[in-house]
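So the chains spell out like this:
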Amino acid sequence: MSSTTWTERVRARIEHTVPPGEALPDHQPAYVSSWIYVFGVLTLAAFVVIVVTGCVLSLGGVDWWHTSTTGHFVNSLHLWSVELFFFFMVIHLWGKFWMAAWRGGRALTWVTGVVAFLASIATAFTGYLIQTNFDSQWISTQAKDGLNSVGIGAYFNVLNAAQMVLFHVVLLPIAVGLIAVVHVILVRRNGVVPPIDAQEPAA
Amino acid sequence: MVSLVSAEGGAGAYLDWGVVHISIANLLIILLMIVVFFAALLIPFPKPPSEPATDTPRGAEAPDRAGVDR
């Protein structure tokens, strides 16, 4: 029987997005028993810490993270979770590149990973711009010249701290989060890519 | 010609090699990432206690989802 209401159609769509049992599986193919397969989830874990510490920083505000010892601590947690995020993400990227992870109908998984990487760089860049210190002044003036030289400086102003704050705490994190969700759904939908010489399990 | 230069004001040491200009800190992090990458490939992943150790080559198991517990 075909779905007649929009709720039925949405429910059917959700149920068919990922095969039954594959959304949060408790078993994986044997070839997943390798450390190189853990860097994707390490990246996600670092992302969670980034979001949580970012929310705490936004509650405290600039004064707090510059003058309070607790604010400094949370600021450092935010910075170092970003360092780990990129550390894990790049190793994840290397692993998937040398594994040719776009094989087996996984091209969109690869592309969403690339887009997530680029959006993450933009998010980290706007984070540098809103440190509210001399470092952020230097980076923003240099970036302004660079962005103008490639012709995209008319669309946003990296010297506008208020605009960059909103880019950093709203627009870009939402973009990274949504792309990451799509990326993970695609991984769960298609399964993790096998090593080149391995046989892929039957779906 | 590779040269090591120190920035004014204690902003760190930099390596200059032609068009390449990189801080020692960033270079060390990149080297650490390469080390971690190869370590992840070479260090065996611990097997769950319930699973008997086998010498079966990776990927040679039966093509089903009955692999390792995660």
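Attention in this report is confined to the structure presented alongside it. Every chain's residues receive numbers from 1 upward, in the order its sequence appears when written. As a convention, the first chain written is A and the first ligand written is 1, with the rest following in written order. Residues qualify for local features only when their pLDDT is at least 70, as the model is predicted, and side-chain atom pairs are given and counted only at 80 or more; totals for whole chains, interfaces and linings, by contrast, use all residues. The side-chain values count all of the structure's non-hydrogen atoms but skip hydrogen atoms and water molecules.

### Describing the overall build of chain A
- In terms of regular secondary structure, chain A is built from six helices and one strand.
- Counted from the first residue to the last, chain A has its helices and strands arranged as α-β-α-α-α-α-α.
- Considered along the principal axes of its C-alpha atoms, chain A spans approximately 55 × 45 × 40 Å.
- When accessible area is computed with a 1.4 Å probe and restricted to protein chains, residues below 20% of their type maximum are described as buried, those above 50% as exposed, and intermediate ones as partly exposed. Across the 203 residues that make up chain A, the buried fraction comes to 36%.
- Here, residues are in contact when the closest pair of their heavy atoms is within 4.5 Å. Nonlocal contacts in chain A, meaning residues at least 24 apart in sequence, comprise 71% of its contacts between residues at least 6 apart.
- Each accessible area is a Shrake-Rupley estimate made with a 1.4 Å probe; only the visible protein chains count as cover when residues are assessed. Per element, the accessible surface of chain A, about 12000 Å² overall, is 71% carbon and sulfur.
- Within this scheme the basic residues Lys and Arg register as positive and the acidic residues Asp and Glu register as negative, but His and the chain ends are omitted. The atoms used to mark charge sites are NZ of Lys, CZ of Arg, CG of Asp and CD of Glu. The centroid of the 9 positive side-chain charges in chain A is displaced by 10 Å from the centroid of its 10 negative side-chain charges. In DSSP terms, a helix is any run of H or I states spanning at least four residues, a strand is any run of E spanning at least two, and both are numbered starting from the N terminus.

### Regarding helix 3 (residues 69-98) of chain A
Residues and elements named next belong to chain A.
- The first and last C-alpha atoms of helix 3 sit 43 Å apart over 30 residues, in line with the 44 Å expected at 1.5 Å per residue.
- In protein, a polar contact means a hydrogen-donor-capable atom and an acceptor-capable atom, both N or O and within 3.5 Å, with residues adjacent in sequence counting only if both atoms are side-chain atoms; elsewhere, any N or O pair within 3.5 Å suffices. Here helix 3 starts with a cap whose side-chain oxygen sits 3.1 Å from the backbone nitrogen of T70, and that cap is S68.
- Where helix 3 ends, the next residue or the one after it, A100, has phi of about 50 degrees, a positive value. To estimate the expected span of a helix, subtract one from its residue number and multiply by 1.5 Å.

### Digging into the packing of helix 4 (residues 107-129) of chain A against helix 6 (residues 161-190) of chain A
Residue and element names in this part refer to chain A.
- Where helix 4 meets helix 6, the axes come as close as 9 Å, and the angle between the chain directions of the two elements is 160 degrees. Compared by their axis directions, helix 4 and helix 6 come out roughly antiparallel. The hand of the helix 4/helix 6 crossing is left-handed.
- All amino acids are sorted into three groups, where Ala, Val, Leu, Ile, Met, Phe, Trp, Tyr, Cys and Pro are nonpolar, Asp, Glu, Lys and Arg are charged, and the leftover types, Gly among them, are polar. Tallied by class, residues from the contact of helix 4 with helix 6 come to 15 nonpolar, 10 polar and no charged. Axis definition: a line fitted to C-alpha atoms, over the contacting stretch in the case of helices. Angles run 0 to 180 degrees between N-to-C directions. Here is the rule for angles: anything less than 35 degrees is roughly parallel, anything more than 145 is roughly antiparallel, 65 through 115 is roughly perpendicular, and the remaining ranges are oblique. Throughout, a crossing is termed right-handed when the near helix is turned clockwise from the far one, and left-handed when it is turned anticlockwise from it by less than a right angle.

### Details of the environment of N75(A)
All names here are of chain A.
- Inspection of the secondary structure assignment puts N75 in helix 3.
- Sequence separation between N75 and R9 is 66 residues, and the spatial gap between their C-alpha atoms is 44 Å.
- The residues contacting N75, other than those within four sequence positions of it, are L57 and W65.

### Quick notes on the side chain of T112(A)
Residues and elements named next belong to chain A.
- When you line up the elements, T112 lands in helix 4.
- A relative accessible area of 12% means that T112 is categorised as buried.
- Filtering out sequence-adjacent residues up to four positions away, T112 remains in contact with I179, V182, H183 and L186.

### Here's the deal with the pattern of salt bridges
Residue and element names in this part refer to chain A.
- Note on definitions: salt bridges are taken to be side-chain nitrogens of Lys or Arg within 4 Å of carboxyl oxygens of Asp or Glu. One pass over the full model with this rule turns up one salt bridge over all chains.
- D145 serves as the salt-bridge partner of K144, at 3.0 Å between the closest nitrogen and oxygen.
- D145 gets classed as partly exposed once you look at its relative accessible area, which sits at 44%.

### Looking at the sheet that holds strand 2 (residues 13-17) of chain B
Residue and element names in this part refer to chain B.
- Here a strand pair is declared whenever DSSP counts at least two bridges between the two strands. Across the sheet, which stays open at both edges, the three strands sit in the order 1-2-3 with antiparallel pairing between neighbours. On the outer flanks of this sheet lie strand 1 (2-6) and strand 3 (20-23), each paired with one strand and no other. Here the average twist between neighbouring strands, direction ignored, is 25 degrees.
- With four bridges joining them, strand 2 and strand 3 adopt antiparallel strand pairing.

### Description of the environment of E200(A)
- By the secondary structure assignment, E200(A) is in the segment after helix 6.
- In this structure, the C-alpha to C-alpha distance between E200(A) and P29(A), residues 171 residues apart in sequence, is 8.1 Å.

### Some remarks on the packing of aromatic side chains
Residue and element names in this part refer to chain A.
- Aromatic pairs are defined between Phe, Tyr and Trp rings, using the six-membered ring for Trp, whenever the two ring centres lie within 6.5 Å; interplanar angles under 30 degrees are classed as stacked, those over 60 as edge-to-face, and all others as tilted. Scanning the model with the defined rule gives 13 aromatic pairs over all chains in all.
- When the centroid spacing of 6.5 Å and the interplanar angle of 40 degrees are considered together, the rings of Y31 and Y37 count as tilted.
- Using a relative accessible area of 3% as the deciding quantity, one classes Y31 as buried.
- Take Y37: its relative accessible area is 11%, and that puts it in the buried class.
- An angle of 75 degrees between the planes, with centres 4.8 Å apart, marks the rings of W102 and W110 as edge-to-face.
- Relative accessible area serves as the criterion here: at 35%, W102 is assigned to the partly exposed category.
- Judged by its relative accessible area of 23%, W110 falls in the partly exposed class.

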